[in-house]
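# Coordinate inspection notes
The chain contents come next:
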Amino acid sequence: MLDNWHIELSYIATGLITTAIVASFTPTQAVRQVGQYNVETSTGQLYIGSNCAISLPTTPDMSGYYWNRNDGTSVTVNAAGGGCPPRQAITLMGTINLQDPSAYAYADQGVAVHSSGIGAPVAVYGSAAYMPQNFAQLEATYGSNLINTTQCVPVMIKNPVSCRIGGQVNIQSHLVSATSDDGLCTIAQEMPFFDPYYNATMSKGICTYGQVGQAKIVLGATRGYTTWLAISIGDAGFNPDTNVNPPPGTTYAVTCDVDTRDAFDFRTIALSLHNTGVSSDSSSKSRFGRVLSALPDNNGCSPPLDYGDNTGILAIAATANWQPLLEYTGLDGYFDSIGQFAIGATSTTPRQAPWAFSNSRNALEDVFGLTAALVASRINSTSMVLPAQATIFYTRIGSGSIFSLLYTLPPLFATLTLLTQIIMSRGSRVHEWSTIQLENMMGSNQNAAVERTTITSLY
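Below is a short write-up of the structure. (Residues numbered from 1 in each chain as written. Predicted model: local features only at pLDDT ≥ 70, side-chain atom pairs only at ≥ 80, totals over all residues. Heavy atoms only, no water.)

### A word on the overall build of the protein
Across its full length, the protein holds eleven helices and 20 strands. Counting over 459 residues, the protein shows a buried share of 46%. Approximately 23200 Å² of the protein is accessible, and the part contributed by carbon and sulfur atoms is 55%. (Helix = DSSP H or I, 4+ residues; strand = E, 2+ residues; numbered from the N terminus. Buried < 20%, exposed > 50% of the residue type's maximum accessible area, 1.4 Å probe, protein only. Areas by Shrake-Rupley, 256 points an atom, 1.4 Å probe, with all protein chains shown as cover.)

Below is the structure:
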């Protein structure tokens, strides 16, 4: 059977041609980086042509939020201005994670933002009004094939808000004044429908002072609202069981320092769009398919040479809590949205660590800091273009492995065999035979055959 092994081998090699072709041309999925991708984000500088965070040649004739500078100019923030980020504060607060901030600090636009990526520009991972749409365009182009992006952008590296028990609350008929413990900030609010001596009321607000980015937040409560304010800051000496219904005239004050001047820095941020949620890394312990976090080595990330000053983002972040502190002004002044996230689900037990920020000491300042970060992520002043990387899935022909070249052996062997046969057959003499004996045609009497040029039929 093996006498003609070379013939059998030829048949085997030829038979494998189809298998080799199918294996060679089967589509497989691979990953690669997008050739050119840039992320556009705010420079953090003051606004131009928009009455949000701007520079004025003199001290503004107003009682809003502003800082005087040494050169005689001032920086002012019109927090209520159209398109100004602080207008979105209460809406953005709804994304804060008060259950387990160690998993993610907040979930913005379906993206779980880890503590290391707090305050990253929303343009990096989503689409928002008045913001650059680079990522949205990238996602529209590649859809579900987009795997991840990395970029060096500014984030909030620490909580710029620090709160403590202290301050003074003065009550008069239908008027509550809360003063910070250092006397730098006083917020007076009228209560036309309530008598603060007998009713639960609250006075709260922000005062700017010093350099751009410095501010005070003061909260003063009376009667029943003293309980919720004490719980929000985690007052260990406050007993809610005996203070549920404090006597008339009871007051409680909290003072918070705000300093955003050194709260921001550049970090290499990675957005994963195919998170499985099964990693042991705390940045992935969530049910969200998209996770934003900073790379541990930072990849040499630093501000671009033309970054300039970030006065705009400092001012916006310092006044970011303006809207939630304005809630219920003209009524009883209760800190509704702030309390929902600072007090938590139990309503009688202070929230405990972990916090979203590593330097936070209580839930109240953690909520204030996260709100500042979320508002700062929407800053839409002058923009800059930063280099970024995007990785995508793509479909290719074959496996892409060097060993896939072995699939060319059967077709190559068959081709060489055919060429060899063709070459060897060229130039050889062609013999034609004629016979009238059937046995000669069967090869039993070849000597009787006569060489002729044609083959004669038996009939």
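### A look at the sheet that holds strand β4 (residues 65-68)
Pairing is antiparallel across the open sheet formed by three strands, whose spatial order is β3-β5-β4. Two strands bound the open sheet, and with one partner strand each, they are β3 (53-56) and β4. Neighbouring strand axes in the sheet, compared pairwise and without regard to direction, differ in orientation by 20 degrees on average. In this structure, β4 lies alongside strand β5 (residues 74-77), joined through four bridges in antiparallel fashion. Considered in β5, the bridge of W67 is made with V75. Across the sheet, helix α6 (residues 311-318) is in contact with β3, β4 and β5; its angle to β5 comes to roughly 50 degrees. (Pairing = 2+ DSSP bridges. Axes fitted to C-alpha atoms, helices over the stretch in contact; angles between N-to-C directions. Contact = heavy atoms within 4.5 Å.)

### Remarks on the environment of P350
Relative to the assigned elements, P350 resides in the loop between α8 (336-343) and α9 (363-376). Residues P350 and N362, twelve residues apart in the sequence, show an inter-C-alpha distance of 8.6 Å. Beyond its immediate stretch of four places on either side in the chain, P350 contacts I231 and G234.

### Regarding the pattern of salt bridges
In the structure shown here, the tally under the stated rule is ten salt bridges. Between D262 and K158 there is a salt bridge, and its shortest N-O distance comes to 3.0 Å. Of this pair, D262 sits in the loop between β15 (251-259) and β16 (264-272) while K158 sits in the loop between β8 (146-156) and β9 (161-165), and the two are 104 residues apart along the sequence. Of the charged contacts, one joins D265 and R267 as a salt bridge, the two residues approaching to 3.2 Å between their closest N and O atoms. Through salt bridges with shared partners, one network takes in R164, D181, D182, K216 and D257. (Salt bridge = Lys/Arg side-chain N within 4 Å of Asp/Glu carboxyl O.)

### Focus: the sheet that holds strand β13 (residues 201-208)
The antiparallel open sheet is built from four strands, whose spatial order is β9-β15-β14-β13. Whereas interior strands pair on both sides, the edge strands pair on one side only; in this sheet they are β9 and β13. Neighbour-to-neighbour, the strand axes of this sheet turn through a mean angle of 15 degrees, independent of strand direction. Relative to β15, β9 is paired through five bridges, and the arrangement is antiparallel. From the neighbouring strand, R164 faces β15, where its bridge partner is T255. Across the face of the sheet, α9 comes into contact with β9, β14 (214-222) and β15 while running at roughly 155 degrees to β9.

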